[in-house]
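Remarks on the overall topology
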Amino acid sequence: MALLEARGLTKVFGGLTAVGDLDFDVNEREILGIIGPNGAGKSTVFNMVCGTVKPTRGTLTYQGKDITGLPPHHVARKGIARVFQGNVLFPGSTALENVLMGMHLHTQLGVFSFLLGGRRARRRERALELRAREMLELVGLGGEASTVASDLPHGNQRHLCLAVALAVEPKLLLLDEPVTGMNAEEVSEMLETIRMLRREKGL
Ligand SMILES: Nc1ncnc2c1ncn2[C@@H]1O[C@H](COP(=O)(O)OP(=O)(O)O)[C@@H](O)[C@H]1O
Ligand SMILES: [Mg+2]
């Protein structure tokens, strides 16, 4: 059984068929690339998988379960994480804070539980921070935890986005245009990181 199966996946916006009758499988530890010119429908495919766009027709099956049209937070909780096209979520915050905030958005464990929750919440918070630092380490940003995100070079910012996505321990990672706007060196770094994630994390 494939990790993710798309069958007859279709999205029509008004009169425009952005994605038409698409079938694909993603197996565990498989890296599947979707290529196509601008406007081909790549981002729309990602949007349908992660739940921000509802398919017009077709089905998405993840680990044998139908996830077609589930809301994004449900999809995320099942272990599907998405790295958005474009830049870091909180450019004015440090690398570490970005990863932590990503985790909080996911776990819905806000700062309030930290302030009000006492010792147990603080222990949990420390555990989260440890994991966040691990993720930074993993993508090669271990030394940049306290660097403000917008001060990082473009390639590193994209790696930071990866760390944010990884912090929720996904099984399936969706990367929308992971190397757009990168120079040759940054591209090969990103590809190496993606291969490393398959090796180390089984993604
Ligand atoms: N929310 C939307 N509403 C209407 N049309 C959209 C929407 N999102 C994408 N489209 C259209 O669907 C087509 C595919 O877009 P997109 O999936 O972003 O392509 P890609 O990521 O391959 O560049 C484009 O023609 C785009 O204008
Ligand atoms: Mg796109």
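Analysis parameters
- Residues numbered from 1 in each chain as written.
- Chains lettered and ligands numbered in written order.
- Predicted model: local features only at pLDDT ≥ 70, side-chain atom pairs only at ≥ 80, totals over all residues.
- Heavy atoms only, no water.
- Helix = DSSP H or I, 4+ residues; strand = E, 2+ residues; numbered from the N terminus.
- Rg over C-alpha atoms; globule rule 2.2 N^0.38 Å.
- Contact = heavy atoms within 4.5 Å.
- Lys, Arg positive; Asp, Glu negative; His and termini not counted.
- Charge placed at Lys NZ, Arg CZ, Asp CG, Glu CD.
- Axes fitted to C-alpha atoms, helices over the stretch in contact; angles between N-to-C directions.
- Parallel < 35°, antiparallel > 145°, perpendicular 65-115°, else oblique.
- Left-handed = near helix turned anticlockwise from the far one by under 90°.
- Near = heavy atom within 4 Å.
- Polar contact = N/O pair within 3.5 Å; in protein donor to acceptor, adjacent residues only side chain to side chain.
- Areas by Shrake-Rupley, 256 points an atom, 1.4 Å probe, with all protein chains shown as cover.
- Nonpolar A, V, L, I, M, F, W, Y, C, P; charged D, E, K, R; others polar.
- Expected span 1.5 Å × (residues − 1).

Secondary structure assignment for the protein chain yields seven helices and six strands. When the helices and strands of the protein chain are placed in sequence order, the string is β-β-α-β-β-α-β-α-α-α-α-β-α. For the protein chain, the C-alpha radius of gyration of 18 Å lies close to 17 Å, the compact-globule estimate for 203 residues. Projected onto its principal axes, the C-alpha coordinates of the protein chain cover approximately 50 × 40 × 35 Å. In the protein chain, the proportion of contacts linking residues at least 24 apart, taken out of those at least 6 apart, comes to 65%. Taking the average location of the 24 positive side-chain charges in the protein chain and that of its 22 negative ones, the two points are 9 Å from each other.

The interhelical angle for the contact between helix 6 (residues 154-166) and helix 7 (residues 184-201), taken along N-to-C directions, is 20 degrees, at an axis separation of 9 Å. Comparing the axis directions of helix 6 and helix 7 gives the class roughly parallel. Seen along the crossing, helix 6 lies across helix 7 with a hand that is right-handed. Packed against helix 6, whose contacting residues are His 154, Gly 155, Arg 158, His 159, Leu 162 and Leu 166, the element helix 7 presents Glu 186, Glu 189, Met 190, Thr 193 and Leu 197 at the interface.

All right, on to the site of ligand 1 then. Taken together, Phe 13, Leu 16, Ala 18, Pro 37, Asn 38, Gly 39, Ala 40, Gly 41, Lys 42, Ser 43 and Thr 44 are the residues near ligand 1. A distance of 2.7 Å separates an oxygen atom of ligand 1 from a polar atom in the backbone of Gly 39. Thr 44 is positioned with one of its side-chain polar atoms (N or O) 2.6 Å from an oxygen atom of ligand 1. For ligand 1, whose accessible area on its own is 560 Å², the fraction buried by protein is 58%. Of all the elements in the fold, those that place two or more residues in the shell around ligand 1 are strand 2 (16-26) and helix 1 (42-50). Top element by residues in the shell around ligand 1 is helix 1. It accounts for three residues.

Two elements in contact, helix 5 (residues 118-138) and helix 6, have axes separated by 9 Å at closest approach and are oriented at 140 degrees. Classified by the angle between their axes, helix 5 and helix 6 sit oblique to one another. Helix 5 and helix 6 meet at a crossing whose hand is right-handed. Contact with helix 5, carried on its side by Met 135, Leu 136 and Leu 138, involves Leu 160, Ala 163 and Leu 166 of helix 6 and no other residues of that element. Class assignment for the residues of the contact of helix 5 with helix 6 results in six nonpolar, no polar and no charged.

So, about helix 7. In this model, helix 7 (18 residues) spans 25 Å end to end at C-alpha, consistent with the 26 Å of a helix rising 1.5 Å per residue. Those residues of helix 7 that are buried lie in contact with helix 5, helix 6 and strand 6 (172-175). Just beyond helix 7, the residue with positive phi is Gly 202, at close to 65 degrees.

These figures capture arrangement, not role.
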